Amino acid sequence: MNEHATKPGRYRVVVRGRMGDTLAGVFGELELECRDGTTALTGTFIDQAQLHGLLDRLRDLGIQLVSVNPLD
Amino acid sequence: MGSAVSSRAVLVATKLHVPQPRRGLVPRPELVARLTGERRKLILICAPAGWGKTVLLSEWHASAEETRAFAWVSLDRGDSDPVRFWGYVVAALQGIAPDLGESALAALPTAGAALVDAVVAPLINELIASAQQLVLVLDDYHLVHAEPIHDSIAFLLRHLPDNVQIAIASRADPPLPLASLRAAGEITEVRAAELRFSNSEADVLLNDSLGLDLGSSEVELLQLRTEGWAAGLQLAALSVQAHQDRRAFVDEFAGDDRQIGDYLNEVLDDQPARLRDFLLRTSILERMCAPLCDALTEAGDAATQLEQAERANLFLVPLDSHRDWYRYHHLFGDLLRHELARSHPELVAELHRRAAAWHRDHDDVDEAIAHVTAAEDFEEAGELIAQHWRRLVFHLGEVETVIGWLDRLPREILLTDPRLCLARGWIAVLLGRHDEVLEYLSAAESCPPAPGPLYAIATSLDSAIAQLRATHALLCGDVARAREAAQEAVGLEPDGTSLARAVASISLGAALHFAGETGEADAALTEGLERLRAESWRTAAVIAGLGYSASIHAETDRLLQAEQLAGEAERLIESWQHGEGAWAAPASHARGKLLEAGGDLAGADHAFARAATLAGRGGRRLDLAQALISHARLERRRRDEAAARSLAREARRVLEECPDPGVLAELLRKTESTLHIQARRTPETMLPADLELSERELTILRLLATALSQRQIGSELYISPNTVKHHARNIFRKLGVSNRAEAVTRARELGLI
């Protein structure tokens, strides 16, 4: 097993479109930054499962993913 | 309670209800034609929320060209339990042909790891025999998160009868062998790109269905902005409705790069305050009916609000034809829940509490536990679990569901409630996980007293713990400790007429049987069985007890009684459909002894092999070793020394794992000496170094010992059949044998497998 799968890490998830107040509140635990028609959600995830949870939530809200990058 | 029975029945009915296409649906004849025309094994409709997957399936079902019957299962978050999942599938199939899957359904509660063999394979045979043309729809398959379910569906797909087609709708690609299905042209895929609404389809939706009266350029703008996403278009339409100047809003909407979900607020703001409030508060429900909604809102007008919401196209999906039960469209429900948490965070827990209370009063334990857990009332959740786990685990076989309940509790809650530790321990017994049983046994012993009633036949926690300890010791093959713990359990239940005492007596009888104390074992088993029979108690304990008692009688030449006892066990197994349970192993062993005594050696061979399979599956070492030893002795009697040796060696390996194998140790020694088996030889001393098998060869050797064909072994290991053949030839050469059967026998002798 890859040990990164079970370790906390910071990630930046970029999605298409701007997040207005309604959705921004939903992802309150993350730092949100809107730029050029995209929104970057940055935060620390306790493990990969939590990161996947966010990706699932974005998908379920009809939000399109642009990129996912580890920060450290 | 009158509603108690109907609650579960209603749930099943709503899950199997085929959604009817709504009024004003945008027809999609090309897609429907593909679904009707391409008769491939699997239809996969894969797209994120709100792309119209379910709507397409229901339009297909309703279309005139489609003549086949549909078995429809709408999955939800609680369906990651294989027993539940297949229970729903069979129930859906029985909606088409009532006789279909009776035996699969009956085998389900005890199938455990034998899910495919005991449930899916027989079901496939029945599907073939029925010749019924049908489509099995699994909607919202992304909610299934259980490897055994994916494996069983993959198996069904591999062996799918020609008269059956499977249609799966999912938000993500399911973990099924899609690549090989694609390569074989066995899959019809409909993805977001095909589900996308074209301009003309958007026009039908916005102007014909929703009556917005927009110009074609505005329709085009909305189509472009939402990229043809159906739910996005519908949300946009609701926002448009909320604005006086529709044209201006469309322009603004089109030029805005906000997430479409963000427009929910405008949609909500446009609704009457009561309706808005109603939508937010009921959003925590998985499915709802008016009385349930009223329990949450305490407003008493739920029926009116539901009607109003449906009329306003607020993403309400009816779940039955009476329009009693509804759910929100998943996307809309998600958005509402997020909005509720944002705007009224203080309400969320209380709403869950009210939902839990309603479900508890209506005997829907599952939803009650889900809601108290969501409300973080973990002690209340623990109480409900302590009260209900036995029924689910021992009667319904829904082990995974209970594991899910316990997993969602904080660890410290689980580990400080001895009743929950015992629940987890018994589940580990059923799964044959010895170490886990021990872990939760020790946790139970170091817990503070139980915070509520035991909800068990045991009269004290100590008695319940002793009973589990005895069961664990029997499982892992520690005869002395089993005897001690069972003795303690009997002592802790002084009332000679109590059921707990009877169950403890049976454990004691089993321990004494393996200790070689035949007379005492007989007495303890007889005492326990008499009591449990009188109560018409039909549990695993009775079945195992009858099996041991029958074996004892057979071995002491009291064949008539042995025959009666074995017959009684078999009738119980049959009527209770526990044929696949590990506790049926002793009865199968007894049957072997009886057949052997009657001279039916082939029949005995079969019975012993079956006993070993059942015991091995449940991790019951003593039962397994006993079956293997009896089998070895039988093979010797049949003059098949090689088979006898191989079985004796297998028994040896099992006994070596047992802390105290009791009388079986001596029995095996005798068997070995009649077979001229010396002290155990290690594989190293047997094989010259240059003939050692590689890891790969060992893997293949292990698979050669199964019923898999070389081709199947190849696909298991992702190598070609020729490569398997090549490895097999090398294995034969190194082992000095000429065929597969010899290789397996030789490998067993060498302790390689």
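These numbers come from a predicted model, not from an experiment.

Student: Give a description of the overall build of chain A that names residues and reports values.
Tutor: The helix and strand inventory of chain A stands at 2 helices and 4 strands. The order of helices and strands in chain A, counted from the N terminus, is β-α-β-β-α-β. Relative to a compact globule of 72 residues, whose C-alpha radius of gyration would be 11 Å, chain A shows 12 Å and is just as compact. Taken along its principal axes, the extent of the C-alpha atoms in chain A is 35 × 25 × 20 Å. For chain A, with 72 residues in total, the buried portion stands at 36%.

Student: How would you sum up the overall build of chain B? Please name residues and give values.
Tutor: Each helix and strand in chain B was counted, giving 41 helices and 7 strands. Classification of the 753 residues of chain B by burial places 55% in the buried group. For chain B, the share of sequence-separated contacts (at least 6 apart) that also reach a separation of at least 24 residues comes to 69%. Of the accessible surface of chain B, which amounts to about 31200 Å², a share of 51% is contributed by carbon and sulfur atoms. When the 79 positive and 109 negative side-chain charges of chain B are each reduced to one mean point, those points stand 6 Å apart.

Student: Can you explain the interface of chain A and chain B? Please cite residues and give values.
Tutor: Between chain A and chain B, the residue contacts involve 19 residues of the former and 20 residues of the latter. Summed over both sides, the interface of chain A with chain B buries roughly 1700 Å², with 51% coming from carbon and sulfur. Contact with chain B buries area across many residues of chain A, yet Arg 18, Thr 22 and Arg 59 of chain A alone supply 38% of it, more than any other trio. In this assembly, chain A and chain B are joined by 4 salt bridges. In this structure, Arg 18 of chain A and Asp 257 of chain B form a salt bridge, with 2.7 Å as the shortest nitrogen-oxygen distance. The interface formed by chain A and chain B includes 9 residue pairs in polar contact (both at pLDDT 80 or more). A total of 5 residues in the side of chain A that touches chain B trace back to one element, the largest contributor, which is helix H1 (residues 21-26) of chain A. Among the residues making up the side of chain A that touches chain B, the classes are represented as 6 nonpolar, 7 polar and 6 charged.

Student: Outline the packing of helix H33 (residues 601-617) of chain B against helix H34 (residues 621-637) of chain B, supporting the account with residue identities and numerical values.
Tutor: All names here are of chain B. Two numbers describe how H33 lies on H34: the axes approach to 8 Å, and their chain directions differ by 160 degrees. Regarding the angle of H33 to H34, the classification is roughly antiparallel. Once H33 is placed against H34, the crossing between them reads as left-handed. Residues Leu 601, Ala 604, Asp 605, Phe 608, Ala 609, Ala 611, Ala 612, Ala 615 and Gly 616 of H33 form the contact with H34, whose own contacting residues are Asp 623, Leu 624, Ala 627, Leu 628, Ser 630, His 631, Leu 634, Glu 635 and Arg 637.

Student: Report on the pairing of strand S1 (residues 9-16) of chain A, specifying residues and quantitative values.
Tutor: All names here are of chain A. Pairing of S1 with strand S3 (residues 38-45) involves 8 bridges; the strand directions are antiparallel. Residue pairing across strands places Val 13 opposite Leu 41, the latter belonging to S3. Direction of pairing for S1 relative to strand S4 (residues 65-70): antiparallel, over a ladder of 5 bridges. Bridge pairing in S4 links Val 14 to Ser 67.

Student: Describe the domain arrangement of chain B, listing the residues and the values that go with them.
Tutor: All names here are of chain B. As far as domains go, chain B holds domain 1 (27-195), domain 2 (197-376), domain 3 (381-446), domain 4 (542-680) and domain 5 (684-749). Of note, the centres of domain 3 and domain 4, computed from C-alpha atoms alone, are 31 Å apart. Taken together, the 6 residues of domain 3 in the interface contact 5 residues of domain 4. Roughly 360 Å² is buried in total at the junction of domain 3 and domain 4, and carbon and sulfur atoms are behind 51% of that figure. For the domain 3 face of the interface with domain 4, the top three residues by lost area are Leu 430, Gly 432 and His 434, together amounting to 73%. Scanning the region where domain 3 abuts domain 4 turns up 0 salt bridges. Counting across the interface, domain 3 meets domain 4 through 2 residue pairs in polar contact (both at pLDDT 80 or more). Every element with two or more residues in the side of domain 3 that touches domain 4 is listed here: helix H21 (378-396) and helix H24 (418-431). Of the residues in the side of domain 3 that touches domain 4, the class split is 3 nonpolar, 3 polar and no charged.

Student: Describe the side chain of Thr 226 of chain B, naming the residues involved and giving the relevant values.
Tutor: Residue and element names in this part refer to chain B. Positionally, Thr 226 belongs in helix H11 (residues 216-226). At 2.8 Å, the side chain of Thr 226 and the backbone oxygen of Leu 222 are in polar contact. Discounting residues that sit within four places of it in the chain, Thr 226 has contacts with Gly 232, Leu 233, Phe 253 and Ile 260.

Student: Let's hear about the sheet that holds strand S4 (residues 164-170) of chain B: which residues, and what values?
Tutor: Working definition: the strands of a sheet are paired by backbone hydrogen bonds and lie parallel or antiparallel to each other. Residues and elements named next belong to chain B. Taking strand neighbours across the sheet as the criterion, the 5 strands line up as S2-S3-S4-S1-S5 in an open arrangement whose pairing is parallel. Since the sheet does not close on itself, it has two edges, and those belong to strand S2 (69-74) and strand S5 (187-191), each with one partner. Pairwise comparison of adjacent strand axes, ignoring direction, gives a mean angle of 15 degrees for this sheet. Note: strand S3 (residues 134-139) against S4, 5 bridges, orientation parallel. Among the inter-strand pairings, Leu 134 is bridged to a residue of S4, identified as Val 164. Against the sheet, helix H3 (residues 53-62) engages strand S1 (42-46), S2, S3, S4 and S5, with an angle of about 155 degrees to S4.

Student: Just give me the short version of the packing of aromatic side chains, but keep the residues and values in it.
Tutor: Residue and element names in this part refer to chain B. By the definition in use, this model includes 13 aromatic pairs over all chains. Ring geometry for Phe 249 against Phe 253: centres 5.8 Å apart, planes inclined by 40 degrees, an arrangement best described as tilted. Note that Phe 249 and Phe 253 are positioned in helix H13 (residues 246-255) at a spacing of 4 residues, about one turn of the helix. In this structure, Phe 249 and Phe 253 share a single accessibility class: buried. Aromatic ring contacts, followed pair by pair, group Phe 85, Trp 86 and Tyr 141 into a single cluster. Directly above the ring of Phe 253 sits Arg 225, whose terminal nitrogen or CZ lies 4.8 Å from the centroid. Here Arg 258 stacks its cationic end above the ring of Tyr 263, 4.4 Å away from the centre of that ring.

Student: Before we move on, could you go through helix H2 (residues 29-37) of chain B and cite the residues and values that matter?
Tutor: Note that an α-helix has 3.6 residues per turn; residues three or four places apart therefore point the same way. All names here are of chain B. Those residues of H2 that fall on the buried side of the exposure criterion are Leu 31, Val 32, Leu 35 and Thr 36. With its buried residues spanning 135 degrees around the axis, H2 presents them on a single face. Projecting away from the buried face of H2 at angles above 90 degrees are the exposed residues Glu 30 and Gly 37. Considering only its buried residues, H2 is in contact with S1, H3, S5 and helix H9 (192-195).

Student: Can you explain the sheet that holds strand S2 (residues 31-35) of chain A? Please cite residues and give values.
Tutor: Residue and element names in this part refer to chain A. The antiparallel open sheet is built from 4 strands, whose spatial order is S2-S3-S1-S4. At either end of the open sheet lies a strand with only one pairing partner, and these are S2 and S4. The average angle at which neighbouring strand axes cross in this sheet is 20 degrees, direction not considered. Contacting S1, S3 and S4, helix H2 (residues 48-60) crosses the sheet at an angle of about 10 degrees to S1.

Student: Go over the nonpolar core with me, naming the residues and quoting the values.
Tutor: Core analysis: the biggest nonpolar cluster contains 94 residues, and Phe 27 of chain A together with Ile 45, Trp 60 and Leu 222 of chain B have the highest contact counts within it. With 8 residues, helix H12 (residues 230-241) of chain B is the single largest residue contributor to this core. Apart from the residues within four sequence positions on either side, Ile 45 of chain B is in contact with Leu 35, Lys 53, Leu 56, Leu 57, Ile 168, Ala 169, Ser 170, Val 190 and Leu 195 of chain B. One finds Ala 502, Val 542, Leu 546 and Leu 647 of chain B within the second-largest nonpolar core, a separate group that totals 67 residues.

Student: Any chance you could break down the pattern of salt bridges for me, citing the residues and the numbers?
Tutor: For the structure shown, the criterion picks out 64 salt bridges over all chains. A salt bridge links Glu 218 of chain B to Arg 247 of chain B, with the nearest nitrogen and oxygen atoms 3.1 Å apart. One end of the pair, Glu 218 of chain B, is in helix H11; the other, Arg 247 of chain B, is in helix H13, with 29 residues separating them in the sequence. Residue Arg 247 of chain B is classed as exposed on the basis of its relative accessible area, which comes to 54%. Note that Arg 354 of chain B and Glu 298 of chain B form a salt bridge whose closest N and O atoms lie 3.5 Å from each other. Linking Arg 354 of chain B in helix H19 (residues 348-361) with Glu 298 of chain B in the loop between helix H16 (290-297) and helix H17 (302-311), this pair joins segments that are 56 residues apart in sequence. Residue classification places Arg 354 of chain B among the partly exposed residues on the basis of a relative accessible area of 22%. With relative accessibility at 59%, the residue Glu 298 of chain B sits in the exposed group. Within this structure, Arg 18 of chain A together with Asp 256, Asp 257, Arg 258 and Glu 266 of chain B form a network of salt bridges that share partners.

What counts and what doesn't
Residues numbered from 1 in each chain as written. Chains lettered and ligands numbered in written order. Predicted model: local features only at pLDDT ≥ 70, side-chain atom pairs only at ≥ 80, totals over all residues. Heavy atoms only, no water. Helix = DSSP H or I, 4+ residues; strand = E, 2+ residues; numbered from the N terminus. Rg over C-alpha atoms; globule rule 2.2 N^0.38 Å. Buried < 20%, exposed > 50% of the residue type's maximum accessible area, 1.4 Å probe, protein only. Contact = heavy atoms within 4.5 Å. Areas by Shrake-Rupley, 256 points an atom, 1.4 Å probe, with all protein chains shown as cover. Lys, Arg positive; Asp, Glu negative; His and termini not counted. Charge placed at Lys NZ, Arg CZ, Asp CG, Glu CD. Buried area = accessible area lost by both parts, 1.4 Å probe. Salt bridge = Lys/Arg side-chain N within 4 Å of Asp/Glu carboxyl O. Polar contact = N/O pair within 3.5 Å; in protein donor to acceptor, adjacent residues only side chain to side chain. Nonpolar A, V, L, I, M, F, W, Y, C, P; charged D, E, K, R; others polar. Axes fitted to C-alpha atoms, helices over the stretch in contact; angles between N-to-C directions. Parallel < 35°, antiparallel > 145°, perpendicular 65-115°, else oblique. Left-handed = near helix turned anticlockwise from the far one by under 90°. Pairing = 2+ DSSP bridges. Domains from an automatic or database assignment. Phe/Tyr/Trp six-rings, centres within 6.5 Å; stacked < 30°, edge-to-face > 60°. Lys NZ or Arg CZ within 6 Å of the ring centre and 35° of its normal. Arc of directions from axis to C-beta. Core = buried A, V, L, I, M, F, W, Y, C linked by side-chain atoms within 4.5 Å.

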